[in-house]
Amino acid sequence: MSRKAILGLYETPDAAADAVENLQGASVDSNDYDILSGTPYPEGTFGEPPVEHKLYVFPLAGAAIGLTLALFEGFGTQLAFPMVTGGKPILSVPPMIILAYELTLLGAILFTVLGIIFESRLPRVVKGLYDERITEGLIGVVCTFDEGRDEEIAKCLTDAGALEVKTESET
Amino acid sequence: MQDRRSLTDTQINDTLTNSVLRTPLHWYILTGLFATITLLGVIAVGVLANRGLGMTGMNRPVMWGFFITNFVFWIGISHAGVMLSAILRLAQAEWRRPATRAAEVLTVFALGTAAMMPIVHLGRMWRFYWVFPYDWARGIWPDIRSPLVWDPHALSTYLIGSSLFIFVALIPDFAVLRDKTSGAAHQIYGALSMGFRGTVRQWRLQAIAGIILSALLLPVFVSVHSIVSWDFGMALAIPAWHTTIFAPYFVIGAVHSGVAGVITVLILLRWLFRWDDYIRREHIDALGRLLFVVANAWLFFFALEFMFGLVHREGTEVVVRDMWLFQTPWNVIFLLFLFTGYLIPVPMWLFRSVRRSFPLMLFTTILVNIGMWLERFLLIIPSMGRKHSFTFVWGDFAPSPIELIIVTATFSMVFMLMLLFAKAFPLIPIFDIKEGAVLRDEIKIGRRTVQAIIREE
């Protein structure tokens, strides 16, 4: 069965929240609708379920990789070029701590950024249903549904006071 | 009293993308001027590469001159970005919103400029990559026990981290520009925004990203200038630099000059792009208060550093203090540094009318950075000139025209890069300003209506 997408545009967060409520009332799965806005509203503004993500894993993984690379660099460079200075041991720990500190943080930062992009579901090659007026202050409620529910879903959006409703066929 | 005005999303978009979509004539004039001076600097670097370090005023025993002074200065300026952005973001300080991106961008450009200075100072600047562990064939590796190897690690981490911090926060603003442009610009901003549509998930991750990246960048910010201070503190040959207080002293000095630099840039941008509704008196006032605290903390560390040198009664330390206080031209530079870095601006910031005056804040923050540049000069040159016990090997330093041109060009380059950035991307975070507008409210207490900010727990 092919799927279709529909976008309703709203002037206020209250109207968009009503549209979300109507969709929930019509047993639309929370993965099948989304709210698009040009402004970051506080979580739960539209009555949507909390966002679940695993972003916190990324910096930890990055830090572990960065630390490993730092230890490899610290041990490796000193052992590969064993220059004795002042009769001290070849392996000097304090500088390795500094390298480890920097590269651990670098790894954590790099992986955090990768995590943000990945968890934000970016890059998104096909933009899908969208309206450029969203960045000008309108709020969009976009919903994907199985063919045959067109009228029911459109009613959910228009009943909440949509300024405009757009549809698009998906495969 | 706050002087905010209600703005719609369209008004915010229009004004803040103004610098990108419509270019005032004075932008061309200023960019052209700064580009010309930068080009002169590039030519000077070319001459230096061709003729060698003999073109500079450096000679034994003063082997670190204007370039290293300028390196430390620009590292200091680069500290404002994370200081303002990360700390204020974590503290949920509302007035941070218009200042964060300019501060972060200033960080990146100042850091890039700082990183160039040791390379120019190398003489054989095309061999700068020797500091990295690359030489698999010859088996020659950098000595990681040297602070001069720690420095590129810290700098690279800070530069990459700060650049990514800016990029992540720019993604929603790329989407705004994508929606407001057409043709090639639309394609470019579309590619940069990576298909960002402002879903609940994307905004939520933006918020979390700001917190995580701020928390990760703060330790890097502290480490960078500490490591720069160890370039000096761990130099065996220069006894006057052997002090354990250098790391916090350098960090607080960096914050002092960096925050002052951000205020200077914000005032200039406000004038250039008519951002009166975004960079308001309350912002400059808040930054002025912050600067007052930082300046006094810096003075405390400076006083400690000065006194420790005398208390130890080490010959090299005493002789450097003697130069600062009693020998011309060093005593003139010392007085200039004290007056411009502290004695003129800080008492002025006690007055609210000064902190809320754009021309006076511009004047005082420029003074601070003149003072802080001279501070670095005084820390480096006299200590090197008097590093030996025997007076017949003492030396002095006078900058050559090549050094003066290159150092001047670095200032032009940073201003030019800021202007070019403002032409391509919004220098005030659009989504952050919109979020501030959403969370703003007015509450009535008795007969008074007070502007309030709602904070999400």
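Residues numbered from 1 in each chain as written. Chains lettered and ligands numbered in written order. Predicted model: local features only at pLDDT ≥ 70, side-chain atom pairs only at ≥ 80, totals over all residues.

Colleague: It is not clear to me how the overall build of chain B should be interpreted in this structure. Could you clarify?
Modeller: Within chain B, the regular secondary structure consists of 17 helices and two strands. The burial tally for chain B puts 49% of its 457 residues in the buried class. A sequence separation of at least 24 residues applies to 79% of the contacts in chain B between residues at least 6 apart. (Helix = DSSP H or I, 4+ residues; strand = E, 2+ residues; numbered from the N terminus. Buried ≥ 20, exposed ≤ 12 C-beta atoms within 10 Å, placed from the backbone. Contact = placed C-beta atoms within 7 Å.)

Colleague: How should I be thinking about the interface of chain B and chain A in this particular structure?
Modeller: One widely used convention gives an interface's size as the accessible area the parts lose upon coming together. In this complex, chain B contributes 50 residues to the contact, which on the side of chain A involves 51 residues. Listing elements by their share of the side of chain B that touches chain A, those giving two or more residues are helix H1 (9-16), helix H6 (147-180), helix H8 (200-233) and helix H17 (430-438) of chain B. With 16 residues, H8 of chain B is the single largest residue contributor to the side of chain B that touches chain A. Among the residues making up the side of chain B that touches chain A, the classes are represented as 27 nonpolar, 13 polar and ten charged. (Nonpolar A, V, L, I, M, F, W, Y, C, P; charged D, E, K, R; others polar.)

Colleague: Just checking my understanding: could you explain the pairing of strand S1 (residues 440-445) of chain B for this structure?
Modeller: Here is the key point about a regular strand: its side chains alternate between the two faces of the sheet. Residues and elements named next belong to chain B. Counting buried residues along S1, only zero of its six residues qualify, which leaves the element largely exposed. Of the pairings in the sheet, the one linking S1 to strand S2 (residues 448-453) comprises six bridges and is antiparallel in character. Pairing of Asp-441 across the sheet is with Ala-452, part of S2. The turn linking S1 back onto S2 is made up of two residues, and Gly-446 within it adopts a positive phi angle of 60°. (Pairing = 2+ DSSP bridges.)

Colleague: Looking at this structure, how should I read the confidence of the model for chain A?
Modeller: Detailed reading of predicted coordinates is not advised where the pLDDT is low. Mean pLDDT over chain A: 91, with 98% of residues reaching 70 or higher. Between the elements of chain A, mean pLDDT differs from a low of 84, seen in strand S4 (residues 164-169) of chain A, to a high of 96, seen in helix H3 (residues 93-119) of chain A. (pLDDT = per-residue confidence, 0-100.)

Colleague: Would you mind going over the environment of Pro-95 of chain A with me for this structure?
Modeller: By secondary structure assignment, the location of Pro-95 of chain A is in helix H3. Look at Pro-95 of chain A and you get buried, because 20 C-beta atoms sit within 10 Å. Between the alpha carbons of Pro-95 of chain A and Gly-74 of chain A there is a distance of 7.9 Å; along the sequence they are 21 residues apart. Ignoring anything within four residues of it in the chain, the contact list for Pro-95 of chain A reads Ile-144, Arg-145 and Trp-150 of chain B.

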